[in-house]
Amino acid sequence: MSLIVILTGAGISAESGVDTFRDSGGIWSRYDFRKVATPEGFAANPTLVHQFYNDRREQLSLVEPNAAHHALARLEREYRGSVVVITQNIDNLHERAGTKNLIHMHGELCKALCVRCKKRFEWEGPLSAFDNCPNCGHSGCLRPDVVWFGEMPYHMDIIEKMLIHADMFVSIGTSGSVYPAAMFVEVASGNGARTVELNLECSEVSELFDERIKGRATEIVPPFVDALLAGELNG
Ligand code: BV8
C-alpha cells in the first residue's frame, strides 16, 4: 500500500486570502518575527504577540478553503493508498476542506496552551494575558498554541516515521526557508521516495526535488491530484 506524504506551507492558503510570510508585502515584511514569533518576544510584550495572533485568528472567519485544499481532501478520500498532510500553516483551512489525516507541525491558531498546566483548549476568539486558564484557573498563563522560532515543532517523531516510509513526498506552497521542514525532502528522498514540488516560484530547496510543477496552487494542485488518482504518477 503506497504512502503519499504532503508538506504544505503558506502558499496553499494564499489564494484564500491568507497572507504568506516571505512574498513581497508578506507578514515578515510588516512584523519583526523576533518580536511576534519567538518566546523572547512573547515574554517581552505579550500584548503585542496576542494582538498579532488575534488579528490572524479573526481573519480566519473571513476566508474559505480553496480548490487546492479541497483537492487534497479528495485525494485522501479516493486514493487507494494512504495520504498524510503535514502542514506548517496554523490556519484551519485543511480541516475545513475535509482533510482528516493532518499534522500541524507549527501548531494551530485556534488553540490556546496554558504554560502552567500544559493543557490545550480550542480558542476561536481573542486571547489575552487577562484570560484565565479554563483548567487551572490561573490568569496570565495562556499563549497561542503555535511553535515559535527556537521551539521544537510538534509531532516530529510521527513526521520522521512518515518521511522514512513515504513512497512519494509532495511539497506545496512553501519557500523551503524554515527548518526542520525544509529538510523533509532530503529525509524522504534519502529513504527512496519520489519527490515533487508544487510552488508558484522556485523555493530554496527546489533543486532537491525529482520534479517541479510551477504555478498557483488552485491551478496546479487539482490536476496533480487527478493524475495521482488516475495512476498516471504511480505515487
Ligand atoms: C527549531 C509560527 C530547534 C506560527 C513559524 C536548522 C535546523 C533546525 C533549525 C534551524 C536550522 N536553521 C535555522 C533554524 C532555526 C529556525 C529556522 O528555520 N530559521 C530560518 C528562518 C532560517 N527554525 C526554528 O526555530 C524551528 N525550531 O528548529 O527548534 C529545537 C531543537 C531542540 C529543542 C528545541 C528547539 C521552528 C520553526 C517554526 C517557526 N514558526 N511560524 C506562525 O506565526 O505562523 S515559521 C513560519 O514560516 C510559518 O509558520 C510558515 O509556515 C513557515 C514557513 O514559511 P512558508 O510556509 O514556506 O511561507 P513563505 O511565505 O516563506 O513561502 C510561501 C511560498 O508559497 C513561497 O515560496 C511562494 O512562492 C509560494 N506561493 C505564494 N503564493 C502561492 C504560492 N504557491 C502556490 N500558489 C500560490 N498562490
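Chemist: How do you make sense of the overall build of the protein when you look at a structure like this?
Modeler: The helix and strand inventory of the protein stands at nine helices and nine strands. Here the protein has a C-alpha radius of gyration of 18 Å; the compact-globule value for 235 residues is 18 Å, and the two agree. Projected onto its principal axes, the C-alpha positions of the protein cover 55 × 35 × 30 Å. Evaluated residue by residue, the protein yields a buried proportion of 52% over its 235 residues. For the protein, contacts bridging at least 24 residues in sequence account for 64% of all contacts bridging at least 6. Taken as a whole, the protein presents about 11000 Å² of accessible surface, with 52% of it coming from carbon and sulfur.

Chemist: Just checking my understanding: could you explain the site of the ligand for this structure?
Modeler: Around the ligand, the surrounding shell holds 33 residues, and the nearest of these are Phe21, Arg22, Gly150, Thr174 and Ser175. Within the side chain of glutamate 15, an N or O atom sits 2.9 Å from a nitrogen atom of the ligand. The backbone of glutamine 88 places a nitrogen or oxygen atom 3.2 Å from an oxygen atom of the ligand. Here the ligand has 1500 Å² of accessible area as a free molecule, and 78% of this is covered by the chains. Among the residues making up the shell around the ligand, the classes are represented as 14 nonpolar, 12 polar and seven charged.

Chemist: For this particular structure, what's the right way to read the environment of arginine 77?
Modeler: With respect to the helices, strands and loops of the structure, arginine 77 is situated in helix H5 (residues 67-78). Taking relative accessible area as the criterion, arginine 77 reaches 57% and is therefore assigned exposed.

Chemist: It is not clear to me how the sheet that holds strand E2 (residues 82-87) should be interpreted in this structure. Could you clarify?
Modeler: Backbone hydrogen bonds hold the strands of a sheet together, and the pairing may be parallel or antiparallel. Strand order in the open sheet formed by six strands is E3-E2-E1-E7-E8-E9, and the pairing between neighbours is parallel. Looking at strand neighbours, the two that pair on one side only are strand E3 (102-104) and strand E9 (211-214), the edges of this open sheet. Neighbour to neighbour, the strand axes of the sheet diverge by 15° on average, direction disregarded. Bridging between strand E8 (residues 194-199) and E9 involves four bridges; their strand directions are parallel. Along E9, the bridge assignment pairs valine 196 with glutamate 211.

What counts, and at which threshold
- Residues numbered from 1 in each chain as written.
- Predicted model: local features only at pLDDT ≥ 70, side-chain atom pairs only at ≥ 80, totals over all residues.
- Heavy atoms only, no water.
- Helix = DSSP H or I, 4+ residues; strand = E, 2+ residues; numbered from the N terminus.
- Rg over C-alpha atoms; globule rule 2.2 N^0.38 Å.
- Buried < 20%, exposed > 50% of the residue type's maximum accessible area, 1.4 Å probe, protein only.
- Contact = heavy atoms within 4.5 Å.
- Areas by Shrake-Rupley, 256 points an atom, 1.4 Å probe, with all protein chains shown as cover.
- Near = heavy atom within 4 Å.
- Polar contact = N/O pair within 3.5 Å; in protein donor to acceptor, adjacent residues only side chain to side chain.
- Nonpolar A, V, L, I, M, F, W, Y, C, P; charged D, E, K, R; others polar.
- Pairing = 2+ DSSP bridges.
- Axes fitted to C-alpha atoms, helices over the stretch in contact; angles between N-to-C directions.

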